[in-house]
Each structure stands twice: as C-alpha cells, then as structure tokens.
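Chain residues, written in single-letter form:
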Amino acid sequence: MKVRFWGVRGSIPVPGRATSRYGGNTSCVEVRPRGAAPIIIDAGTGLRRLGKSLMEDAFGDGRGAASVLISHTHWDHVQGLPFFSPLYRAGNRIDIFARQRDQHLEAVFSQQTDMPYFPVPLSAMKADKCFHELIEGARFDIGRAQISCTRLNHPWIAMAYRIDVDGAAVVYCADTAPFTDILFGREFMVTPPALDQPLPPDVIAELDRMRAGVVALAAGADLLIYDTHFTLDEYRLRPHWGHSHPDDAIAIARAAGVARLCLFHHAPMRSDDENDQILARYRGVVQAQGDRFELLSAYEGLELVLGDP
Ligand SMILES: [Zn+2]
Ligand SMILES: [Zn+2]
C-alpha cells in the first residue's frame, strides 16, 4: 500500500513562509491499497488537493469510488469535505465512515454546508454518498483492506483506525490526549485540572482500558501516525485541549512494537524549523533509549510504500 500525507496540521490551516516545507493544510492522509480505490483518513483542508488529483483519473469521468474514515468532526478534520471535487460529479461513489453520534452522520455532515456557512447543500452534490456509523471496536472490510478502530481520549471523542492490506498495517491516532491525566467525554473543559492530583480509581481504570485498546490496535504496525500537537511543556499548560506530545507517542509506539512512528497534527504556531528541531531531538531520544522504530515527522507530500512491493 501507499500512504500519502495531504494535510498534517492541527486546528486551523496555516499557509505562509514559516510553514511551507511541512505544509499548512489540516489533517488528511490517503491510503492506497495496490490497484484499489483510495481510503482517505480525515477530511481536513488537505482533502481539497487530493480531490483535484483524483479528478484527473476515474473520478473526473464519474467512475471513481473512495472511502473516507473520519476520526471526529472537529473542523480541522472535516473542513475539506465541501471542497472535495469528486463529490460534485454524478456517478462517483463516496463512502463516509465515522463514529455514531446522537444525530445520524448524514445530518451531522449536512449541517456543515447549511446556510449561511456554505452555498451548496450536501444534498445537491451529485455523487452517490453513503454514511456508515461505527461503534468502538468495529471491524469491517473495504475491498481487500481490513479496518479496525478504537476510541481515543479527546473532547467529544475521536476514533483511531487501523488499515491492514497488502501485507502491511497503518494506524492513525488523532486526536488524542495521553491516557494519564484527564478522561475526556462530551463536556467542555474551561480550565485545566491540576495535573498533580490523584485520579479516582474508576477514571484510572477507564484510561488504562483506552490506552490498552490503542496499543492493541497499533500492535506490530508498519506505520503509526500519532497526534503530537504539543511539546511536553506545552501539554502541561493545556492538558484540557485533548492533544498529545512526542514523549507519549514514543511510549505508545514502544509498547505496540511498531516499525515507524510518524509525528502528526502539528500545532498551527509550529514553524518548519521548530518541527525540524523536535524531530532531531526525539530521534536522539529514540536512539538513546534503544528503540528500534524509525521516527518521522509528517509533511505534505510525504509518501511511504508499505508491505508487499
Ligand atoms: Zn484536530
Ligand atoms: Zn479534535
């Protein structure tokens, strides 16, 4: 399979000179099983350019099919969807998968294009659209690819996905906080709780269960893509934002025995030079600790070939 990064940023697009090498678009990763239709993970603004490239092929003639796995519906993971050209061509088929919510998924995504936010309603986009609601732990197939998922520790809850195909596995974990300090659910947290206070035993048990689910999902993966929005110091100031940092991602990668860990969902204020420095520093940490996985940092256009040639 081929994995290509079209958007690597968290929160909001940040085009500009300081972000031109890693890219300013928000979360979007394309997984392409050999000779098969694309499986897209998240629909941040990076999806727009992916859509344009797909239109040069079968999607331009209305003969394309794509699946989109949505981690959660925060803006930086869905904002590209109304700008995904294949949706506007009759004959294309787009399957959208996301976690089940109180409202049906189709209603959730339709609201995104309601007046006065967008001129074209989702219902007027001519491709065949099919919405699939997922529960935690669901397993299903997309063509030859086997998909599994588990929940993450993030406000309003996000899903992590694993795709097994062509003798390789890629795992996508964004967005998530570490599984140590706060148990996120649906509540909005105005201020951060004190990190030195002991947690109730039931919260510790739930966080442990969630972490074990993520480690099991990522077990032996060829590539683990992980939310490293923060540095460790930034995380300590804003633990209630629901994002992680490289130290935590490395601990998960080590526990899961992955072959490669890719830092992802870079904070909007992070410059290219800062991303370089973080990568260099943590490559040193990984080497010093004797970890066997390779450490990468995601940038727009990064393409990896995994599994059978
Ligand atoms: Zn995000
Ligand atoms: Zn989020």
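Residues numbered from 1 in each chain as written. Chains lettered and ligands numbered in written order. Predicted model: local features only at pLDDT ≥ 70, side-chain atom pairs only at ≥ 80, totals over all residues. Heavy atoms only, no water.

Let us look at the overall build of the protein chain. Helix and strand counts for the protein chain come out as seven helices and 14 strands. Over its C-alpha atoms the protein chain spans a radius of gyration of 19 Å, differing by no more than 12% from the 19 Å that the globule rule assigns to 309 residues. In terms of overall dimensions, the protein chain has a C-alpha envelope of 55 × 45 × 40 Å along the principal axes. The proportion of buried residues among the 309 residues of the protein chain is 55%. For the protein chain, long-range pairs separated by at least 24 residues make up 71% of all intrachain contacts whose partners lie at least 6 apart in sequence. For the protein chain, the computed accessible surface area is about 13600 Å², with 52% contributed by carbon and sulfur atoms. When the 32 positive and 38 negative side-chain charges of the protein chain are each reduced to one mean point, those points stand 4 Å apart. (Helix = DSSP H or I, 4+ residues; strand = E, 2+ residues; numbered from the N terminus. Rg over C-alpha atoms; globule rule 2.2 N^0.38 Å. Buried < 20%, exposed > 50% of the residue type's maximum accessible area, 1.4 Å probe, protein only. Contact = heavy atoms within 4.5 Å. Areas by Shrake-Rupley, 256 points an atom, 1.4 Å probe, with all protein chains shown as cover. Lys, Arg positive; Asp, Glu negative; His and termini not counted. Charge placed at Lys NZ, Arg CZ, Asp CG, Glu CD.)

Let us look at the pairing of strand β6 (residues 128-134). Here seven bridges tie strand β5 (residues 93-99) to β6, and the two strands are oriented parallel to one another. The residue of β6 that forms the bridge with I94 is K129. (Pairing = 2+ DSSP bridges.)

A few words now on the coordination of the zinc ion (ligand 1). The coordination sphere of the zinc ion (ligand 1), as far as protein atoms go, consists of D76 (OD), H77 (NE2), D175 (OD) and H265 (NE2), spread over 2.1 Å. Its four donor atoms give the zinc ion (ligand 1) angles of 90 to 163° at the centre, a pattern that matches the irregular case. One chain supplies every donor to the zinc ion (ligand 1), and in sequence these donors are spaced D-H-x97-D-x89-H. The metal-metal distance between the zinc ion (ligand 1) and the zinc ion (ligand 2) is 3.6 Å, with D175 coordinating both. Owing to a relative accessible area of 0%, H77 belongs among the buried residues under this scheme. (Donors = N, O, S within 2.8 Å, 3.2 Å for Na, K, Ca; no water. Tetrahedral: all angles 85-135°; square planar, octahedral: opposite > 155°, others 65-115°.)

Turning our eyes to something else, we now look at empty space enclosed by the protein. Throughout the structure, instances matching the rule amount to two cavities of 30 Å³ or more. Reported here for the largest cavity is a volume of approximately 60 Å³. The space that makes up the second largest cavity amounts to roughly 40 Å³. Within the residue set of the lining of the second largest cavity, elements represented by two or more residues are β5 and α3 (105-111). Within the lining of the second largest cavity, the residues separate by chemical class into three nonpolar, two polar and two charged. (1 Å grid on protein atoms, 1.4 Å probe; cavity = no way out; pocket = protein on both sides within 12 Å on 5 of 7 lines; lining within 4 Å. Points joined across faces, edges and corners; volume = space filled by probe spheres on them. Nonpolar A, V, L, I, M, F, W, Y, C, P; charged D, E, K, R; others polar.)

On to the coordination of the zinc ion (ligand 2). Protein-derived coordination of the zinc ion (ligand 2) comes from H72 (NE2), H74 (ND1), H154 (NE2) and D175 (OD), at a distance range of 2.1 to 2.6 Å. For the zinc ion (ligand 2), the four donor atoms in the first shell make angles of 88 to 170° at the metal, a pattern classed as irregular. Owing to a relative accessible area of 2%, H154 belongs among the buried residues under this scheme. Residue class for D175 comes out buried when judged on its relative accessible area of 1%.

Quick look at the environment of A212 now. The topology assignment puts A212 in helix α4 (residues 201-218). Along the chain, A212 and D181 lie 31 residues apart, while their C-alpha atoms are 16 Å from each other.

Relative to the elements of secondary structure, H243 occurs in the loop between α5 (232-237) and α6 (246-256). Only 2.7 Å separates the side chain of H243 from the side chain of D227, close enough to count as a polar contact. Once residues within four sequence positions are removed from consideration, H243 is found in contact with H154, D175, T176, A177, P178, D227, H229, F230, Y235 and H265. (Polar contact = N/O pair within 3.5 Å; in protein donor to acceptor, adjacent residues only side chain to side chain.)

Next up on the list: the confidence of the model for the protein chain. In regions of low pLDDT, the predicted coordinates are not meant to be interpreted in detail. The predicted model of the protein chain has a mean per-residue pLDDT of 97, with 100% of residues at 70 or higher. Taking the mean pLDDT of every element in the protein chain, the minimum, 94, falls on α3 and the maximum, 99, on strand β3 (residues 39-41). (pLDDT = per-residue confidence, 0-100.)

Spatial ordering of the open sheet is given by β7-β8-β9-β10-β11-β12-β13, a layout of seven strands whose pairing is mixed. The outermost strands of the open sheet, each flanked by one partner alone, are β7 (139-142) and β13 (294-297). With direction set aside, neighbouring strand axes in the sheet form an average angle of 20°. Relative to strand β11 (residues 223-227), strand β10 (residues 168-173) runs parallel, the two being bridged by four bridges. By the bridge assignment for β11, C173 is matched with Y226. Across the sheet, α6 touches β11 and β12 (260-264), and the angle it forms with β11 is around 150°. The strands touched by helix α7 (residues 272-288) within the sheet are β12 and β13, with β13 carrying the most contacts at an inclination of about 170°. (Axes fitted to C-alpha atoms, helices over the stretch in contact; angles between N-to-C directions.)

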